[in-house]
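Geometric and topological summary
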Amino acid sequence: MKIFSASQIQDADKSTIQKQQISSEELMERAATKLFEWIHARLRGTRVTLKLFCGIGNNGGDGLVLARLLHEHGYTIQVYVVNFSEKRSKDFLLNLERLKSAKLWPDFLNNESELPPISPDDIVIDAIFGIGLNRAPNTWVGNLIMHINNSRAFVLSVDIPSGLPTDKCPWNPDYAIRASYVLTFQVPKLVFFLPETGVFVNQWELLDIGLDPEYLQTTETEFELIGRPEVLPLYRPRLKFSHKGNYGHAIIVGGSYGKIGAVQLASDACLSSGSGLVTAFVPLCGYQAIQTALPEVMVLTDGGEKIISKISFPFEPTVVGIGMGIGVDKITANAFGALLKSMEKPMVIDADGLNILAKHPKMLKDIPELSVLTPHPKELERLVGNWSDDFEKLSKVKAFSTHYNVVVVIKGAHTITVYKDKGFVNTTGNPGMATAGSGDVLTGMITGLMAQGYTSLHAAIFGVYLHGLAGDIGVSEMGYEALKASTIISNIGNAFMELLRQPEAEPQEEN
Ligand SMILES: NC(=O)C1=CN([C@@H]2O[C@H](COP(=O)(O)OP(=O)(O)OC[C@H]3O[C@@H](n4cnc5c(N)ncnc54)[C@H](OP(=O)(O)O)[C@@H]3O)[C@@H](O)[C@H]2O)[C@@H](O)CC1
Ligand SMILES: [K+]
């Protein structure tokens, strides 16, 4: 699903009004009716007070329409107009008049008003600012936002939490609503998924308001949200008359004394993701451990006892995944650098492989094109330098990806795969996966997919999704804390099956 910028959503709005020959006021009515239906379906007339805080633009206008509909259906409501500007929008004013005609008199709040009482049992509807926010809220509006945040009431934000801009980090994080739930119109917003801005959104849901489908389909976006519908077409089915040679031979290179387990996890994950053959390349000390733990995996050893000192293979692998547990010793770094120079096919580089690159930036130019790099935030910082906020991080990664022609997987709660100017935001995964070895498993999975012929970008997008799904299945069986990297591996098969599951047929009515 595409993630549109604020200005693209405004264009979609205009295009809808023009093509569907409806007025902006009708579009507002349509949007607010969707809000109302969502709330009414859940509250079903429950006796609870809804406090609606409405700005003076179209987000506020949505709030006013919602207030009218709630009132018409007998809900107890209190409407506050947050009068932050004299520039009221046309549709706000129209709906203010309609509210008054329905004998509803909002309280007008300004910089001299007392903060209104909000009980933890109230439901707050936050319609102060929408996607039109373009500067920091001023102090009294900020104080009101903090008051709402401190109220412990359930806060339902209309379109986007007020104070949170659509395409950047908030000027003042205290002046942004921390929404319990966001009902967002038509398309998800990028800020819902970034570490610094996602904290303002506990849960979110899309409301389809029928924006111009042609505009939405034909407009290119910088980011895309990756869910099942996006991943399913990337799947490469296995053929009946195929053999293991059709699915590639991956080599996983890594490990050092005390860190052989990382290679074991990556190799196991690589095989479990469908690679035809997997060979682990480890220092001598890892030989027995891997041979014992993974009978299906072949093992090649380096001459070094405890660390990798020279990397060479007696055959040409389909793909190499490298870096987990490998350490950053100078000898290993030299071996790694020599391998980069000799390789032409895309590789997967993780963990200490990335740390070696950060320590020896001259090696960057030798990374084979279309390789996949899988840094966690600290490794990424070592690679691209620090950033002032999540948006600068994204633009630095895009520049890095373009410069070196590599795919970068920014690991996090919503892992983002970046290739050149485009970012793919993952939707699976959970906090239980923040555990030792989880990254080694991901590297193994991406390597295993590339071995089978998935392109680098598809392997990264697909692998990240499947890894998260395997973790989600694991958590559903054992909870967050007990989830281990090996649990993720043992659920890779279930994740494939869940992905490929046919949607359940509608129950047939009996005659
Ligand atoms: N897209 C769609 O298809 C549909 C959208 N709809 C709804 O419209 C919403 C967008 O509405 P909107 O454009 O009127 O902007 P909104 O967020 O209400 O702000 C109002 C104005 O405030 C101003 N302003 C900005 N920052 C400020 C600040 N810090 N302090 C003070 N003032 C500030 C700024 O005006 P300025 O002063 O810069 O000229 C801005 O224009 C959208 O989120 C959704 O809820 C639906 O109704 C139907 C379909
Ligand atoms: K809002």
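Under an unreviewed UniProt entry, the name given to the protein chain is Bifunctional NAD(P)H-hydrate repair enzyme, and the organism recorded is Flagellimonas sediminis. Here is the UniProt Subunit (unreviewed entry) comment for the protein chain, exactly as written: "Homotetramer."

1. Looking at the nonpolar core
Ranked by internal contacts, the top residues of the largest apolar core, which has 118 residues, are L50, L52, F53, V253, I322, I349 and L357. Looking at this core, the element that brings in the most residues is helix α2 (residues 24-43), giving nine residues. When we break this core down by domain, the ones giving at least three residues each are domain 1 (2-219) and domain 2 (231-500). Excluding residues within four positions of it along the chain, L50 makes contact with I39, L43, L70, Y75, T76, I77, Q78, I123 and I125.

2. A look at the coordination of the potassium ion (ligand 2)
The protein atoms donating to the potassium ion (ligand 2) are N59 (OD1), D126 (O), F129 (O), V158 (O), I160 (O) and S162 (OG), with metal-donor distances spanning 2.6 to 3.0 Å. Geometry at the potassium ion (ligand 2) is irregular, judged from the six donor atoms that bind it and their angles of 67 to 178° at the metal.

3. A short note on empty space enclosed by the protein
The full count for this structure, using the stated rule, is one cavity of 30 Å³ or more. There is about 30 Å³ of room inside the largest cavity. Forming the walls of the largest cavity are I226, T415, T417, F424, V425, N426, I461 and V464. Mapped by element, the contributors of at least two residues to the lining of the largest cavity are β18 (422-426) and α16 (456-482).

4. A closer look at the packing of helix α15 (residues 438-451) against α16
One can describe the packing of α15 onto α16 by two numbers: an axis separation of 8 Å at closest approach and a directional angle of 135°. As far as their axial angle goes, α16 and α15 are oblique. In this structure, the crossing between α15 and α16 has a hand that is right-handed. Judged by residue contacts, S438, V441, L442, M445, I446, L449 and M450 of α15 engage S456, A459, A460, F462, G463, V464, L466 and H467 from α16. Class assignment for the residues of the contact of α15 with α16 results in 11 nonpolar, four polar and no charged.

5. Details of the packing of helix α1 (residues 6-19) against α2
In contact at an axis separation of 10 Å, α1 and α2 are set at 110° when each is read in the N-to-C sense. Taken together, the axes of α1 and α2 lie roughly perpendicular to each other. Viewed along their axes, α1 and α2 form a crossing whose handedness is right-handed. Here α1 contributes D13, T16 and I17 to the contact with α2, which in turn contributes S24, L27 and R30. Broken down by class, the residue content of the contact of α1 with α2 amounts to two nonpolar, two polar and two charged.

6. A closer look at the domain arrangement of the protein chain
Under the domain assignment used here, the protein chain contains domain 1 (2-219) and domain 2 (231-500). Distance between the C-alpha centres of domain 1 and domain 2: 42 Å. Between domain 1 and domain 2, the residue contacts involve 11 residues of the former and nine residues of the latter. Across the interface of domain 1 and domain 2, roughly 810 Å² is buried in total on both sides, 75% from carbon and sulfur atoms. Considering only the side of domain 1, the residues that lose the most area to domain 2 are F193, L194 and E196, jointly responsible for 53% of the buried surface there. Across the contact surface, domain 1 and domain 2 share zero salt bridges. Here domain 1 and domain 2 share one residue pair in polar contact (both at pLDDT 80 or more) between them. If you tally residues by element for the side of domain 1 that touches domain 2, the top one is helix α6 (residues 195-198), at three residues. By residue class, the composition of the side of domain 1 that touches domain 2 is seven nonpolar, one polar and three charged.

7. Considerations on the pattern of salt bridges
The final tally for this structure, using the stated rule, is 18 salt bridges. Here D212 and K19 are joined by a salt bridge, their closest N and O atoms 2.7 Å apart. Remark: K19 occurs in helix α1 and D212 occurs in the loop between β8 (204-207) and α7 (213-218); sequence separation between them is 193 residues. Residue D212 is classed as buried on the basis of its relative accessible area of 4%. When the shortest N-O distance is used, the salt bridge between E498 and R501 registers 2.9 Å. With a relative accessible area of 32%, E498 lands in the partly exposed category. Overlapping salt bridges bring together E25, E29, R68 and R98 as one network.

8. Focus on helix α13 (residues 377-384)
Of all the positions in α13, only E379, L380, L383 and V384 are classed as buried. Along the axis of α13, the buried residues cluster in a sector spanning 110°; they form a single face. Buried residues belonging to α13 abut α12 (352-359), β15 (372-373), α14 (390-404) and β16 (407-410).

9. With respect to the UniProt feature "domain: YjeF C-terminal" (unreviewed entry) in the protein chain
If you check UniProt for "domain: YjeF C-terminal" (unreviewed entry), the listed places come out as residues 227-499 in our numbering. Counting secondary structure, residues 227-499 comes out at 45% helix and 13% strand; the distance between its end C-alpha atoms is 10 Å.

10. A word on α1
With 14 residues, α1 ought to run about 20 Å at 1.5 Å a step, and its terminal C-alpha atoms sit 20 Å apart, in line with that. Looking at α1, one finds that the buried residues are A6, Q8, I9, A12, S15 and T16. Here the buried face of α1 lies against β1 (2-3), α2 and α7.

Reading the values: the criteria
Residues numbered from 1 in each chain as written. Chains lettered and ligands numbered in written order. Predicted model: local features only at pLDDT ≥ 70, side-chain atom pairs only at ≥ 80, totals over all residues. Heavy atoms only, no water. UniProt positions renumbered as here; feature names shortened; annotations may be inferred. Core = buried A, V, L, I, M, F, W, Y, C linked by side-chain atoms within 4.5 Å. Buried < 20%, exposed > 50% of the residue type's maximum accessible area, 1.4 Å probe, protein only. Helix = DSSP H or I, 4+ residues; strand = E, 2+ residues; numbered from the N terminus. Domains from an automatic or database assignment. Contact = heavy atoms within 4.5 Å. Donors = N, O, S within 2.8 Å, 3.2 Å for Na, K, Ca; no water. Tetrahedral: all angles 85-135°; square planar, octahedral: opposite > 155°, others 65-115°. 1 Å grid on protein atoms, 1.4 Å probe; cavity = no way out; pocket = protein on both sides within 12 Å on 5 of 7 lines; lining within 4 Å. Points joined across faces, edges and corners; volume = space filled by probe spheres on them. Axes fitted to C-alpha atoms, helices over the stretch in contact; angles between N-to-C directions. Parallel < 35°, antiparallel > 145°, perpendicular 65-115°, else oblique. Left-handed = near helix turned anticlockwise from the far one by under 90°. Nonpolar A, V, L, I, M, F, W, Y, C, P; charged D, E, K, R; others polar. Buried area = accessible area lost by both parts, 1.4 Å probe. Salt bridge = Lys/Arg side-chain N within 4 Å of Asp/Glu carboxyl O. Polar contact = N/O pair within 3.5 Å; in protein donor to acceptor, adjacent residues only side chain to side chain. Arc of directions from axis to C-beta. Expected span 1.5 Å × (residues − 1).

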